[in-house]
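# Examination of the molecular architecture
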Amino acid sequence: MMGANWQLFTGFAFFVIMVLIAGLYCILVTRNLMRVIIGLELLTKAVTLLIIVAGYVTGQTALAQSLVITLIIIEVVVIAVAAGVILSIYRHNESLAASNLTSLKG
Amino acid sequence: MTLIDIILLTAMVVAASWTVMTRSLLKSTIGLAFTSAIITIIMFRLKSPLAAVFELSVCTGLITAVFVSTISLTKPLTHKEIIKLSKDRVKRFWYMPVIMLTVGAALISLKLPGDFKMPLKLAEGDVRSVLWNSRQLDIFGQIVVLLAGVFGIVLLFKERNKR
């Protein structure tokens, strides 16, 4: 039973790693600030799923769910504030490109 | 792991890849919502209905609405900029599927121990009792984070009004 659970966990973890790669690649390669948040969101989703799978295979779904609820709330706040900051940047620079943010250059 | 799980997980990876690789920001947001919806179904299947409901209502609904509102408040690109960015994007994003396939092949070829012992099962409680009794500090943290977020947004918009 334990072995089967471990195999289930590794099976899910394989796909979660793929989503993590997609999110990380999005953050690293793009210059658009909106896409950076989208990449961050993908990373969070991958972690959320991994916590749920870990809770399922160890039989502690209640604890996993409570952690995920906390994670989702933090995620929403981060996204809302980041979207506000991006809007402010856009109104200052008329652009969403990170390469145009040079006003703090020393 | 059943066939349905594999189909759902594959769909999730495809949706995530499409989110990253598509050119339009709006389509990217829709892809993100789609990824979130698939994760919701997986959560339901993994016996976590409360987290699934949160994921569906907040991540699929609210965050998509925030993204779409932000995109609608910015100006679309001109035709010239779109053509220039499209060529640039193909060069930059072409590597992602290659990296995913390489890492996938490396993970499959990796020999993981098949009989790894998982931690012992503890007494399972109801999610509400865990959240309200065992994780009280989390609730306090959530309230602080929410207030900080609200305060941050108010400050951002207040500054603009002054100018």
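The coordinates are above.
Residues numbered from 1 in each chain as written. Chains lettered and ligands numbered in written order. Predicted model: local features only at pLDDT ≥ 70, side-chain atom pairs only at ≥ 80, totals over all residues. Heavy atoms only, no water.

### Thoughts on the overall build of chain B
Note the threshold: Strands here mean DSSP runs of E at least two residues long; helices mean DSSP runs of H or I at least four residues long; both are numbered from the N terminus. Only protein chains enter the accessibility calculation, which uses a 1.4 Å probe; a residue is then buried when its area is under 20% of its type maximum, exposed when over 50%, and partly exposed in between. The contact criterion used throughout is that any non-hydrogen atoms of two residues lie within 4.5 Å. We get accessible surface area from the Shrake-Rupley algorithm with a probe of 1.4 Å; when it comes to residues, only the shown protein chains can shield them.
Within chain B one finds 7 helices and 0 strands. The secondary structure elements of chain B, listed N-terminal to C-terminal, are α-α-α-α-α-α-α. Scored against the burial criterion, the 163 residues of chain B give a buried share of 33%. Contacts in chain B between residues at least 24 apart in sequence constitute 56% of all its contacts with a sequence separation of at least 6. Of the roughly 10,700 Å² of accessible surface on chain B, a fraction of 73% belongs to carbon and sulfur atoms.

### Considering the interface of chain B and chain A
As a reminder, the rule being used: By convention, the term buried area covers the 1.4 Å-probe accessible surface removed from two parts as they join, with the contributions of both added. By salt bridge we mean one thing: a side-chain nitrogen of Lys or Arg within 4 Å of a carboxyl oxygen of Asp or Glu. Residues adjacent in sequence count toward polar contacts only when both atoms are side-chain atoms; beyond that, a polar contact is any pair of N or O atoms within 3.5 Å, and within protein one must be able to donate a hydrogen and the other to accept it.
Opposite the 78 residues of chain B that make contact, chain A presents 65 residues. Summed over both sides, the interface between chain B and chain A buries roughly 6,800 Å², with carbon and sulfur atoms accounting for 77% of that surface. Across the contact surface, chain B and chain A share 1 salt bridge. A salt bridge links B:Glu55 to A:Lys45, with the nearest nitrogen and oxygen atoms 3.5 Å apart. Our enumeration of links across chain B and chain A arrives at 8 residue pairs in polar contact (both at pLDDT 80 or more).

### Observations concerning unusual backbone geometry
Here the phi dihedral of B:Lys47 falls at roughly 60°; this positive angle occurs in a residue that is not glycine. The residue B:Lys47 is located in the loop between α2 (25-45) and α3 (49-72) in this model.

### Let's talk about the pattern of salt bridges
Scanning the model with the defined rule gives 6 salt bridges over all chains in all. Among the charged side chains, a network of salt bridges with common partners joins A:Glu41, A:Lys45, A:Glu75 and B:Glu55.

### Some remarks on the packing of helix α2 (residues 33-58) of chain A against α3(B)
Put simply, the test is: With axes taken as lines fitted to C-alpha atoms, and helix axes fitted only over the stretch in contact, angles between N-to-C directions fall between 0 and 180 degrees. Here is the rule for angles: anything less than 35 degrees is roughly parallel, anything more than 145 is roughly antiparallel, 65 through 115 is roughly perpendicular, and the remaining ranges are oblique. For this scheme, ten residues count as nonpolar: Ala, Val, Leu, Ile, Met, Phe, Trp, Tyr, Cys and Pro. Four count as charged, namely Asp, Glu, Lys and Arg, and the remainder, Gly too, count as polar.
With their axes 12 Å apart at the nearest point, α2(A) and α3(B) run at an angle of 180° to one another. As judged from the angle between their axes, α2(A) and α3(B) are roughly antiparallel. Every residue of α3(B) that contacts α2(A) at A:Met34, A:Ile37, A:Ile38, A:Glu41, A:Lys45, A:Thr48 and A:Ile52 is listed here: B:Ala51, B:Glu55, B:Cys59, B:Ile63, B:Phe67, B:Thr70 and B:Ile71. The residue makeup of the contact of α2(A) with α3(B), split by class, is 9 nonpolar, 2 polar and 3 charged.

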